[in-house]
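Here is what each chain is made of, one letter per residue.
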Amino acid sequence: MIQVENLTKRFGRHTAVSEASFGVDRGEVAGFLGPNGAGKTTTIRILAGFLPPTSGSARIAGFDVARQSLEARRHIGYLPETAPLYREMRVREYLRFRAQLKGLRGERLRHSLDEVVERCGLQNVRRAMIKTLSRGFQQRVGLADALVHSPPLLILDEPTNGLDPNQIRSIRRLIRRLGADHTILVSTHILSEAEMLCDKIVIIDDGRIRAADSPEKLIGAMRAAGRVSIDLRAPAAEVEPVLAQLPYVKRVTHDGTEPPWEQFSILVESGTDAREAIYDLCRRRDWPLRSLYRHDTTLEDVFVELTRKD
Amino acid sequence: MGNLFTLFRKEFKGFFLSPAGWVVLALVAGMQGWSLAAAMKALQTAPVPESLVYVAFHTPNFWFYFLFIFPLITMRLFAEEERSGTLETLLTAPVRTSHLVLGKYSATFAFYVVLWIPVLLQFEVFSLLTRIPAPFSYGSLFGAFLILILMGAFFIAVGCLASALTSNQLIAGVVTMGVLVIHYFLGYVTVIYGDAIGAAPVFHYLASHEHLLYFTKGLIDSRPIIYYLSMAALTLLATHHVIDHRRWTS
């Protein structure tokens, strides 16, 4: 559905997206992750046909977004990050205008409007002026606009940004329902959201694609993802170098003190288990050990590992 | 074509849903009504060789308010879409840029034509109220409205271009006003410096106040028709490119 090849976008001397390549297949719900300023919105705007690429290509349903822009745009329902709307228009009036722009007429237009108003839970506000709606409802109007012509591909740029927890849940529920019969590319920087919603994760940082795979595979392939937390009673300065010497241990950080207990977290290579070695060490040194816990690798660990700057 | 009509309708309706549209409508009806009243007074006190239409459009306040119409009705068109971000939803919908530009232009032009309906009625009401035949011929009335529409076609295009160039309505309005005022005063170069200067024919060709003078006398000249229509087309083409260049790949 989406094929991106060596996509590059420069603004003057600043390179926002650099040689990005990834694909999203029909029916997939893909999460587009990255820290703020990583190039998510730029990439999405290129896919939506708002910005031209500097070089490389992007295809939507086989149509080049720059050369066959009109055909590509017909296949997309796009919700920009801020969900821009005409504040002076009424909800149904706005959706009717947008549906007509997307080529719907007559009976089909009426039917699509009714369906999308119901689907996005806008029945009670369909006559309200858009500027009187809360942020969450405005977001839903934007989503309804993206959906109204039943496009095969939905591109949603941070759809839950700035919403309260209840609104976030209802938008997520909606996205999950839509995922059944749409291909969706959803950008977010909330990792749990991506883990919950997506069959595929694309991680971008500094304009480069760092990973593109299913969440399970990404977590599985993570080489330095295991994290072990321990609480023990011993001089912190003495513990740190000794722990670092143990096999498989990549890094030791002193998390805090709760006198007389010291807390450490230990990054170990994935697929290994350093817990026994840590226990043995404490026993040999006679350090009382109060807690020894291995965290499951999460998408967050993958994300931090791929995008951290230190 | 369907999209063009959808955009036209949305934009045209917008003029009547915002107070700004009604303010402009009142401005034109009020100012031209005032001009007409002044013209009638002039006709009452002394014999005037010209028709009522001619005198009504040659009062001192005509050009003053006339040039103000254009920034008021055009400054919002693209600048507001750009500022509020709705340009992004418009340009990512399957809409041709040419339809977008023509839709907005034609809606503004239609609203501009509507602005003159009260003025037309004012001339008609004259004979109804006074029960004497109106002291003008329909040729001069036709000429007056023809030149108003021709000037409007070009000046609205200038406003569209200025609005497309910025996301700030105020800047769009000031630029439009500036260009129109300069264009207007180019027509006065020959009044100030005389016809002896080499480029005098060019300035006569551009002189809006001279066009108005001939047309309100009922003298239809084809040169201003060609001038205004071709300038309108050229300016709209430039507007199209200003909007469309975002999509150009380098």
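As shown above, the structure is provided for reference.
A quick note: this is a predicted structure, and the numbers were derived from the prediction, not measured.

Trainee: What should I look at first to understand the overall build of chain A in this one?
Mentor: In terms of regular secondary structure, chain A is built from eleven helices and 14 strands. Reported as C-alpha extents along the three principal axes, the dimensions of chain A are approximately 80 × 45 × 35 Å. Going through the 310 residues of chain A one by one, you find that 53% of them count as buried. Considering only intrachain contacts with a sequence separation of at least 6, the fraction spanning at least 24 residues in chain A is 68%. For chain A, the exposed surface amounts to about 14,400 Å²; the carbon and sulfur share of it is 44%. Charge-centre separation for chain A: the mean point of 47 positive side chains lies 8 Å from the mean point of 41 negative side chains.

Trainee: Would you take a moment to explain the interface of chain A and chain B for this structure?
Mentor: One widely used convention gives an interface's size as the accessible area the parts lose upon coming together. With 26 residues of chain A at the contact, the number on the chain B side is 27 residues. A per-residue breakdown of the area chain A buries against chain B is headed by A:F50, A:R73 and A:L101, which together make up 26% of the total. At the boundary of chain A and chain B, one finds two salt bridges. The residue B:E88 makes a salt bridge to A:R45 at a minimum N-O spacing of 2.8 Å. Elements with a minimum of two residues in the side of chain A that touches chain B: α2 (69-74) and α3 (91-101) of chain A. A total of five residues in the side of chain A that touches chain B trace back to one element, the largest contributor, which is α3(A). Here the side of chain A that touches chain B is composed, by residue class, of 15 nonpolar, four polar and seven charged.

Trainee: Can you help me understand the nonpolar core in this one?
Mentor: Counting residues in hydrophobic clusters, the biggest one holds 148 residues, and the most contacted among them are A:L95, B:F57, B:F66, B:I69, B:Y112, B:W116 and B:F123. The dominant element in this core, judged by the number of residues it contributes, is helix α9 (residues 138-165) of chain B, at 15 residues. Look past the residues within four positions of B:F57 in its chain and what remains in contact with it is B:Q32, B:F62, B:W116, B:V119, B:F123, B:A144, B:L148, B:L212 and B:T216. A:L243, A:V249, A:I266 and A:A274 belong to the second-largest nonpolar core, a separate cluster that totals 19 residues.

Trainee: Please clarify how the environment of B:V158 should be interpreted in this entry.
Mentor: Residue and element names in this part refer to chain B. Summarising the element assignment, V158 is placed in helix α9. For V158, a relative accessible area of 10% corresponds to the buried category. In sequence terms V158 and R246 are 88 residues apart; their C-alpha atoms lie 20 Å from each other. In contact with V158, other than residues within four places in its own chain, are T176, V179, L180 and T235.

Trainee: Help me out: how do you make sense of the pairing of strand β12 (residues 249-258) of chain A in this one?
Mentor: As a general feature of sheets, a regular strand has side chains that alternate between the two faces. Residues and elements named next belong to chain A. Pairing between β12 and strand β13 (residues 261-268): eight bridges, direction antiparallel. Each residue of the ladder has a partner; that of G256, found in β13, is Q263. Between the antiparallel neighbours β12 and β13 lie two residues.

Trainee: Can you help me understand helix α13 (residues 208-216) of chain B in this one?
Mentor: Note: α-helices contain 3.6 residues per turn, so residues at a spacing of three or four share the same orientation. All names here are of chain B. The element α13 is extensively covered by neighbouring structure, given that seven of its nine residues are classed as buried. Along α13, the residues classified as buried are S208, H209, E210, H211, L212, F215 and T216. Where α13 ends, the next residue or the one after it, G218, has phi of about 90 degrees, a positive value.

Trainee: Mind showing me how you'd approach the environment of B:T190 here?
Mentor: Residues and elements named next belong to chain B. On the secondary structure map, T190 appears in helix α11 (residues 189-193). Given the relative accessible area of 7%, T190 is considered buried. Placed ten residues apart in sequence, T190 and A200 show a C-alpha to C-alpha distance of 6.1 Å.

Trainee: I'm lost on unusual backbone geometry in this one. Help?
Mentor: If a residue is not glycine, its phi is most likely negative; likewise, a peptide bond is most likely trans. Residues and elements named next belong to chain A. Following P259, the chain continues to P260 via a peptide bond in cis, the omega torsion being 0 degrees. Structurally, P260 is set in the loop between β12 and β13. If you check the backbone angles, A83 has positive phi at about 45 degrees while not being a glycine. Summarising the element assignment, A83 is placed in the loop between β6 (76-79) and α3.

Trainee: Mind showing me how you'd approach the pattern of salt bridges here?
Mentor: Close approach of charged atoms lets side chains of opposite charge pair. With the rule as written, the count across this model stands at 24 salt bridges over all chains. Two residues, A:D145 and A:K102, come together in a salt bridge whose shortest N-O distance is 2.8 Å. Separated by 43 residues along the polypeptide, A:D145 in helix α5 (residues 135-147) and A:K102 in the loop between α3 and α4 (106-119) bring together distant segments of the chain. Considered together, A:D145 and A:K102 belong to a single accessibility category, that of buried residues. As a salt-bridge pair, A:R210 and A:D205 come within 3.9 Å of each other at their nearest N and O atoms. The network of salt bridges with shared partners includes B:K10, B:E11, B:R76, B:E81 and B:K104.

Trainee: Looking at this structure, how should I read the state of the cysteines?
Mentor: Among covalent bonds in proteins, the disulfide is the one between the sulfur atoms of two cysteines. Residue and element names in this part refer to chain A. Here the structure, examined in full by the defined rule, presents zero disulfides over all chains. With no disulfide of its own, C120 lies 18 Å from the sulfur of C198, the closest cysteine sulfur. Residue C120 is classed as buried on the basis of its relative accessible area, which comes to 3%.

About the thresholds
Residues numbered from 1 in each chain as written. Chains lettered and ligands numbered in written order. Predicted model: local features only at pLDDT ≥ 70, side-chain atom pairs only at ≥ 80, totals over all residues. Heavy atoms only, no water. Helix = DSSP H or I, 4+ residues; strand = E, 2+ residues; numbered from the N terminus. Buried < 20%, exposed > 50% of the residue type's maximum accessible area, 1.4 Å probe, protein only. Contact = heavy atoms within 4.5 Å. Areas by Shrake-Rupley, 256 points an atom, 1.4 Å probe, with all protein chains shown as cover. Lys, Arg positive; Asp, Glu negative; His and termini not counted. Charge placed at Lys NZ, Arg CZ, Asp CG, Glu CD. Buried area = accessible area lost by both parts, 1.4 Å probe. Salt bridge = Lys/Arg side-chain N within 4 Å of Asp/Glu carboxyl O. Nonpolar A, V, L, I, M, F, W, Y, C, P; charged D, E, K, R; others polar. Core = buried A, V, L, I, M, F, W, Y, C linked by side-chain atoms within 4.5 Å. Pairing = 2+ DSSP bridges. Disulfide = S-S within 2.5 Å.

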